[in-house]
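Descriptive structure summary
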Amino acid sequence: QAQLEEFGGGSAQVGDSLRLTCTGRTLNRPGMGWYRQAPGKSREYVASIAWHGAGDRVAASVKGRFTISKGGDENSVILQMTQLRVEDTATYYCAAGDTAEDVRKQQALIWGQGIQVTVSS
């Protein structure tokens, strides 16, 4: 059964760094990325990458602070979060699709269970 597993996250202070890892070893979905959802808000796109080829992107709200990269295993991605802010507090979801564009557009995605990131001042 295809699934996504998320690792990392937890609690941090403002200005700290955290790293999230997502693996989808049983998948054949070369587009991967991250979304987040804060309490009372809709799910928000964070970043996406094509596992084969170029095309990593991050949302304007995290540009310059978050980066997405390929992990060591195929179909794994890393979200490196730096200069964390209180407003980064959310449940972060890994997503996989046929292309990175599908991930950005939330088209036919497979989702992870979500992992909590809490940033306090």
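Our structure is the block above this text.
Let me begin by describing the structure that accompanies this report. Per chain, the residues get numbers from 1 upward, laid out in the order the sequence is written. Whole-chain, interface and lining totals are the exception, using all residues; otherwise, since this is a predicted model, local features are given only for residues with pLDDT of at least 70 and side-chain atom pairs are given and counted only at 80 or more. With hydrogens and water stripped out, all remaining heavy atoms of the structure feed into the side-chain values.

1. Topic: the sheet that holds strand E8 (residues 76-81)
- Note on pairing: two strands pair once DSSP finds at least 2 bridges between them. The helix and strand labels rest on DSSP assignments: H or I over at least four residues marks a helix, E over at least two residues marks a strand, and numbering proceeds from the N terminus. Sheet architecture is open: four strands sit in the order E1-E3-E8-E7, paired in antiparallel fashion. Each edge of the sheet is formed by a strand with only one pairing partner; in this case those strands are strand E1 (5-8) and strand E7 (66-70). Strand-to-strand, the axes of this sheet are offset by a mean angle of 20 degrees, without reference to chain direction.
- Here strand E3 (residues 18-23) pairs with E8 via six bridges, running antiparallel. Bridge pairing in E8 places Arg19 opposite Gln80. In this analysis an axis means a line fitted to C-alpha atoms, helices contributing only their contacting stretch, and an angle means the value between N-to-C directions, from 0 to 180 degrees.

2. Brief notes about the state of the cysteines
- Only a pair of cysteine sulfur atoms within 2.5 Å qualifies as a disulfide here. Under the counting rule described, the total for this entry stands at one disulfide.
- Put simply, Cys22 and Cys94 are joined by a disulfide, and their sulfur atoms are 2.0 Å apart. Across the S-S bond linking Cys22 and Cys94, the dihedral sits near -85 degrees, which makes this disulfide left-handed. Here the residue Cys22 occupies a position in strand E3, and Cys94 occupies one in strand E9 (residues 90-97), the gap between them amounting to 72 residues. This pair shows no difference in class: Cys22 is buried, exactly as Cys94 is. Only protein chains enter the accessibility calculation, which uses a 1.4 Å probe. A residue is then buried if its area is under 20% of the maximum for its type, exposed if over 50%, and partly exposed in between.

3. Some points on the pairing of strand E4 (residues 31-37)
- Burial analysis of E4 places six of its seven residues in the buried class, the great majority of the element.
- Here six bridges tie E4 to strand E5 (residues 44-50), and the two strands are oriented antiparallel to one another. For Gly31, the partnering residue across the bridge sits in E5 and is Ala50.
- Here E4 folds back onto E5, and the loop between the two strands holds six residues, one of which, Gly40, carries a positive phi near 80 degrees.

4. Some thoughts on the environment of Phe7
- Here Phe7 shows up in strand E1.
- Judged by its relative accessible area of 39%, Phe7 falls in the partly exposed class.
- Along the sequence, Phe7 and Ser61 sit 54 residues apart, while their C-alpha atoms lie 22 Å from each other.
- Setting aside residues no more than four positions away along its own chain, Phe7 makes contact with Arg19, Leu20, Thr21, Thr23 and Ile115. Should any heavy atoms of two residues lie within 4.5 Å, those residues are counted as being in contact.

5. Digging into the side chain of Ser76
- Tracing the chain through its elements places Ser76 in strand E8.
- A relative accessible area of 3% means that Ser76 is categorised as buried.
- What Ser76 contacts, discounting residues up to four positions off in sequence, is Cys22, Thr23, Met32, Trp51, Ser69, Lys70 and Gly71.

6. Observations concerning the environment of Gly114
- Mapped onto the fold, Gly114 is located in the loop between strand E10 (110-111) and strand E11 (115-120).
- Gly114 sits 78 residues away from Arg36 along the chain, and the two C-alpha atoms are 8.4 Å apart.
- Excluding its chain neighbours within four sequence positions, the residues that come into contact with Gly114 are Glu6, Thr91, Tyr92 and Tyr93.

7. Remarks on the pattern of salt bridges
- Here a salt bridge means any side-chain nitrogen of Lys or Arg lying within 4 Å of a carboxyl oxygen belonging to Asp or Glu. A complete count under the given rule lists five salt bridges for this structure.
- Asp98 serves as the salt-bridge partner of Arg29, at 3.7 Å between the closest nitrogen and oxygen. Note that Arg29 is positioned in the loop between E3 and E4 and Asp98 in the loop between E9 and helix H1 (100-104), a separation of 69 residues in sequence.
- Taking relative accessible area as the criterion, Asp98 reaches 48% and is therefore assigned partly exposed.

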